[in-house]
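Each chain, letter by letter, is given below.
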Amino acid sequence: MYEQASHSLLNEILIELKPEIGKHRMRHFYTRLGANFYAIHSLFRLLYGDRPAFKARMLSLVETLASRDMERAPGLRKSDLAREKDYNWFLSQKWVGMALYCDRFADDLKGLRANLSYLQELGVNLLHVMPMLDCPPDNNDGGYAVRDFFRIDPRYGTTEEVESLAATLKKRDMLLALDIVVNHTSEEHEWARRARAGEQKYQDYYYVFPDREIPDHYEETMPEIFPETAPGNFTWDAEMGKWVMTVFNTYQWDLNYRNPAVLIEMVDIILFWANQGADILRLDAVAFLWKKLGSVCQNEREAHLILQLMKDCCQVTAPGVLFIAEAIVAPGEISKYFGEDAINAKECEIAYNATLMALLWDAVATRSAAVLGQGITSLPNKLERATWLNYVRCHDDIGLGFDDNDIRRAGFDPHQHRRFLIDYFTGRYPGSPARGLPFGENPKTGDARISGSLASLVGLESALESGDEAAIDAAIRTIVLLHSVILAFGGIPLLYYGDAIGTLNCLEYLADPAKAADNRWMHRSTFNWNKAKKRHESGTVEQRIFNALKKMIALRKEVTAFADFDNRQLLNVANPNLLAFSRTDPQNSRNRVLVLVNFNDAAQPLAIDGLRGHGFFVADGMRDLCTGERVAAENDSLILPPLSCYWLTD
Ligand code: OTU
């Protein structure tokens with residue numbers, strides 16, 4: 001019954017569309033629209049069925065898909081078709097990513113294109129450029145407060161230069177990932193300006209209230225994201241004479257997805273950037289897309305429906321393009337952004353593995369894999385056609401967002417343990433070499449997160465200051481072993497620019513009043529090309545880190561067992577300081593790797609009888625891919641050097 005109604009609506013819409021778009025080569029469009037229309041229509045009806053002019057809205061959505069489809073360049077259409085055939089292409093071990101700021105890495109888009117060789121030298125072939133869209137010079141949250149979604153910030157260049165960057169990358173078999181800030185706009189966006197000026201149409205794009213009644217009601221259950229710099233979730237706008245919802249900074253206005261016009265605008269923006277040649281779109285802050293009174297306003301069912309709708313729309317016009325979910329939420333919630341109860345991702349194909357990231361930092365501080373191992377055990381399964389984005393560091397703070405139960409299972413009290421971690425990384429804990437700062441401390445809840453560069457957090461900064469060679473060595477080893485996990489774990493590893501050369505905290509941001517209050521800028525420094533040059537000087541810190549990572553990246557690409565086909569098995573080893581897991585090529589079970597990591601700063605024994613049960617160490621020793629050396633057990637136990645990692649094969 002309903003399916004039929006959907007079908008006849010599709011026909012009506014197609015008839016209305018025809019005169020305008022009929023003449024174009026739309027064969028694939030019609031096929032894909034036909035295949036996805038039932039889902040699109042159902043989702044749109046679920047979300048907006050009770051809104052006036054439903055049919056007209058539906059038509060306008062389909063028109064958006066059609067007109068962006070007409071623009072899609074032949075080269076991109078070709079790649080859409082190729083990826084539809086080779087649908088698991090992104091699960092391959094060949095992809096290794098890096099996130100960077102265009103301006104901080106290379107001034108502008110031209111510079112970025114000219115410096116791709118740095119990435120290639122390291123083996124990186126997926127480039128995530130942090131947001132580059134036009135935003136106010138000061139209040140911009142590092143690009144996440146967009147003023148114009150269709151314009152590249154002139155500081156970086158032009159839209160055409162993004163297209164040429166995409167084309168250059170494609171020629172080098174590299175991928176481009178761009179940010180789409182779906183949850184909010186800058187207060188200077190045209191929609192916000194018109195809302196301010198009193199236009200009802202645009203006030204309806206946001207959550208705008210005449211008085212505190214509803215905002216107060218919302219505040220009862222909504223947490224604060226930036227409690228120090230932007231307490232509360234609403235901002236009084238004097239010009240408008242109203243309150244507007246601003247979950248992040250006061251100048252970031254939350255879009256109201258209860259309004260179908262907002263959804264349609266955002267689908268149009270997504271497809272526009274897909275058409276400029278982005279292979280992957282990182283959807284920012286997706287957990288926040290739907291606000292509901294009486295809830296925390298994160299991970300609502302409707303947020304998932306919106307993402308499904310966005311995905312289905314993208315399937316029609318740009319089916320080769322993938323979404324990354326940036327949902328830094330509880331472990332059990334993150335995997336839902338792939339979509340639930342499916343085989344193929346029906347929301348985002350890729351999701352930030354914030355749980356693994358935080359667990360890795362736990363292992364650094366405790367010098368043990370006790371909580372890490374528990375956390376990995378409880379990591380929810382991902383869908384078959386979906387994968388994790390595994391990272392150690394990114395442009396944001398580190399939130400200790402793993403599960404309390406995993407902390408308990410590892411034998412610690414969650415509250416005390418988190419306190420310890422904050423103290424450790426901020427250097428308050430006696431003997432800690434870390435040089436981080438607390439971020440987003442909330443005295444009301446006792447929560448805090450951590451800022452700081454990878455190198456400074458693992459103690460490289462303090463070690464270099466004291467000139468303590470052993471401490472320098474330990475810091476370098478820690479950087480390498482953390483990367484060894486994200487490279488081997490299963491999923492796409494995403495490095496952070498600067499980490500491969502041991503970039504330390506940078507305090508320049510303190511001199512800029514627009515940044516001074518946000519200490520995440522301490523780990524967003526200008527890439528130091530002089531320091532980078534030292535990667536070619538033998539014996540330097542830069543060379544030691546860079547070469548080790550380069551080597552592991554090259555190896556990862558060769559090892560088919562590292563492709564992500566749900567082929568990881570966590571192995572129980574009696575020593576809690578160690579992490580052990582195996583990766584097996586599902587096509588050929590003889591291709592497999594045993595990953596062993598010692599997070600402790602002392603050598604650790606590993607009894608191998610447990611491993612024998614899994615078929616490892618049955619003959620005399622195994623070969624470490626990283627060093628090429630054979631590793632053999634003595635008296636049935638293996639000694640792992642301090643802060644070391646092995647990728648062992650038979
Ligand atoms: C994301 O933040 C971005 O990565 C941040 O750089 C932005 O400031 C923020 O959105 C607003 O655009 O929203 O889903 O610190 O605030 O990790 C999680 C915790 C987010 C979160 C942050 C993330």
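Predicted model only: the values in this text are computed from it and were never measured. (Residues numbered from 1 in each chain as written. Predicted model: local features only at pLDDT ≥ 70, side-chain atom pairs only at ≥ 80, totals over all residues. Heavy atoms only, no water.)

Draft legend 1. Structural detail: the overall build of the protein. Helix and strand counts for the protein stand at 24 helices and 25 strands. Radius of gyration (C-alpha) of the protein: 25 Å, near the 26 Å computed for a compact globule of 650 residues. Projected onto the principal axes, the alpha-carbon positions of the protein cover approximately 80 × 55 × 45 Å. Taking all contacts inside the protein whose residues are at least 6 apart in sequence as the whole, residues at least 24 apart take part in 72%. Of the roughly 25100 Å² of accessible surface on the protein, 50% is carried by carbon and sulfur atoms. Here the protein carries 71 positive and 87 negative side-chain charges, and the mean point of each set is 5 Å from the other. (Helix = DSSP H or I, 4+ residues; strand = E, 2+ residues; numbered from the N terminus. Rg over C-alpha atoms; globule rule 2.2 N^0.38 Å. Contact = heavy atoms within 4.5 Å. Areas by Shrake-Rupley, 256 points an atom, 1.4 Å probe, with all protein chains shown as cover. Lys, Arg positive; Asp, Glu negative; His and termini not counted. Charge placed at Lys NZ, Arg CZ, Asp CG, Glu CD.)

Draft legend 2. Inspection of the nonpolar core at higher detail. Judged by nonpolar contacts, the single largest core of 220 residues is most densely connected at Tyr257, Met310, Trp361, Phe599 and Trp647. The greatest single-element share of this core, amounting to twelve residues, is contributed by helix 12 (residues 260-275). Not counting residues up to four positions away in its chain, the partners in contact with Phe599 are Leu360, Ala363, Arg367, Ser368, Ala369, Leu372, Leu481, Leu482, Val485, Asn577, Leu579 and Leu643. Val573, Phe617, Met622 and Leu638 belong to the second largest nonpolar core, which has 17 residues in total. (Core = buried A, V, L, I, M, F, W, Y, C linked by side-chain atoms within 4.5 Å. Buried < 20%, exposed > 50% of the residue type's maximum accessible area, 1.4 Å probe, protein only.)

Draft legend 3. Inspection of the side chain of Ser456 at higher detail. Position of Ser456 relative to the elements: it lies in helix 19 (residues 454-457). For Ser456, a relative accessible area of 0% puts it in the buried group.

Draft legend 4. Representation of the sheet that holds strand 20 (residues 592-598) within the structure. Overall, antiparallel pairing links the six strands, which are arranged 18-19-20-25-22-23 in an open sheet. Each edge of the sheet is formed by a strand with only one pairing partner; in this case those strands are strand 18 (568-570) and strand 23 (630-631). In terms of strand pairing, strand 22 (residues 622-624) meets strand 23 through two bridges, oriented antiparallel. If you follow Arg623 over to strand 23, its bridge partner there is Arg630. Strands in contact with helix 21 (residues 469-488) are strand 19 (578-584), strand 20 and strand 25 (644-649); relative to strand 25, the strand with the most contacts, it is inclined by about 35 degrees. (Pairing = 2+ DSSP bridges. Axes fitted to C-alpha atoms, helices over the stretch in contact; angles between N-to-C directions.)

Draft legend 5. Summary view of unusual backbone geometry. The backbone of Ala53 sits at a positive phi, close to 55 degrees, despite the residue not being glycine. One can find Ala53 in the loop between helix 2 (27-48) and helix 3 (54-71). Looking at Ala53, the relative accessible area reads 52%, which means it is exposed. Phi at Cys297 takes a positive value of approximately 65 degrees, unusual for a residue other than glycine. Inspection of the secondary structure puts Cys297 in the loop between strand 11 (280-283) and helix 13 (301-317). Take Cys297: its relative accessible area is 1%, and that puts it in the buried class.

Draft legend 6. Expanded view of the sheet that holds strand 9 (residues 242-245). Ordered in space as 7-9-8, the three strands form an open sheet in which the pairing is antiparallel. In this open sheet, the two strands that pair with only one neighbour each are strand 7 (208-209) and strand 8 (234-237). Here four bridges tie strand 8 to strand 9, and the two strands are oriented antiparallel to one another. Across the sheet, residue Phe234 finds its bridge partner in strand 9, namely Met245.

Draft legend 7. Representation of the site of the ligand within the structure. In the vicinity of the ligand there are 19 residues, among which Asp141, His184, Asp284, Asp396 and Arg449 approach most closely. In this structure, Asp141 approaches the ligand through a side-chain N or O atom, which is 2.5 Å from an oxygen atom. Protein coverage of the free-state accessible area of the ligand, which is 500 Å², stands at 95%. Partitioned by chemical class, the residues of the shell around the ligand number seven nonpolar, three polar and nine charged. (Near = heavy atom within 4 Å. Polar contact = N/O pair within 3.5 Å; in protein donor to acceptor, adjacent residues only side chain to side chain. Nonpolar A, V, L, I, M, F, W, Y, C, P; charged D, E, K, R; others polar.)

Draft legend 8. The arrangement of the pattern of salt bridges in detail. Across all of its chains, the model carries 48 salt bridges by this definition. Put simply, Asp173 and Lys94 hold a salt bridge, and the shortest N to O gap is 2.9 Å. Here Asp173 is found in the loop between helix 8 (159-171) and strand 5 (175-180), whereas its partner Lys94 is found in the loop between helix 4 (74-85) and strand 1 (97-100), with 79 residues between them in sequence. A salt bridge links Arg435 to Glu465; its shortest N-O distance comes to 3.1 Å. (Salt bridge = Lys/Arg side-chain N within 4 Å of Asp/Glu carboxyl O.)

Draft legend 9. Examining helix 3 more closely. Look at helix 3: 26 Å from first C-alpha to last across 18 residues, which is about the 26 Å you get at 1.5 Å a residue. Among the residues of helix 3, Phe54, Met58, Leu59, Leu61, Val62, Thr64, Leu65, Ala66, Arg68 and Asp69 are the ones counted as buried. (Expected span 1.5 Å × (residues − 1).)

Draft legend 10. Local environment of the packing of aromatic side chains. Going through the model one piece at a time under the given rule, you end up with 36 aromatic pairs. Taking the centre distance of 6.0 Å and the plane angle of 65 degrees together, the rings of Phe209 and Phe234 count as edge-to-face. Of the two residues, Phe209 sits in strand 7 while Phe234 sits in strand 8, which places them 25 residues apart along the sequence. The exposure class of Phe209 is buried, given its relative accessible area of 11%. Ring geometry for Trp361 and Phe425: centres 5.4 Å apart, planes at 80 degrees, overall edge-to-face. Of this pair, Trp361 sits in helix 15 (residues 354-366) while Phe425 sits in helix 18 (residues 414-425), and the two are 64 residues apart along the sequence. In textbook terms, an aromatic cluster arises when at least three aromatic residues are bridged by ring pairs, as seen for Phe105, Tyr118, Phe527, Trp529 and Phe546. Sitting above the plane of the Trp521 ring, Lys515 keeps its charged end 4.7 Å from the centroid. (Phe/Tyr/Trp six-rings, centres within 6.5 Å; stacked < 30°, edge-to-face > 60°. Lys NZ or Arg CZ within 6 Å of the ring centre and 35° of its normal.)

Draft legend 11. Molecular detail of the environment of Arg77. With respect to the helices and strands, Arg77 occurs in helix 4. What makes Arg77 buried here is its relative accessible area of 16%. Separated by 242 residues in the primary sequence, Arg77 and Pro319 place their C-alpha atoms 8.8 Å from one another.

Draft legend 12. Expanded view of the side chain of Ser484. Tracing the backbone shows Ser484 in helix 21. Overall, the relative accessible area of 0% leaves Ser484 in the buried class. Not counting chain neighbours up to four residues away, the residues in contact with Ser484 comprise Met552, Val597, Cys645 and Trp647.

Draft legend 13. Region of the structure containing the environment of Ile376. Residue position: Ile376 is located in helix 16 (residues 370-378). Its relative accessible area of 8% is what places Ile376 among the buried residues. Considered as a pair, Ile376 and Phe402 are 26 residues apart in the sequence and their alpha carbons are 10.0 Å apart. The residues contacting Ile376, other than those within four sequence positions of it, are Leu356, Leu359, Phe489, Leu570 and Leu579.

Draft legend 14. Quick peek at the environment of Asp473. In this structure, Asp473 sits in helix 21. Given the relative accessible area of 29%, Asp473 is considered partly exposed. Sequence spacing of Asp473 and Gly459 is 14 residues, and the spatial spacing of their C-alpha atoms is 10.0 Å.

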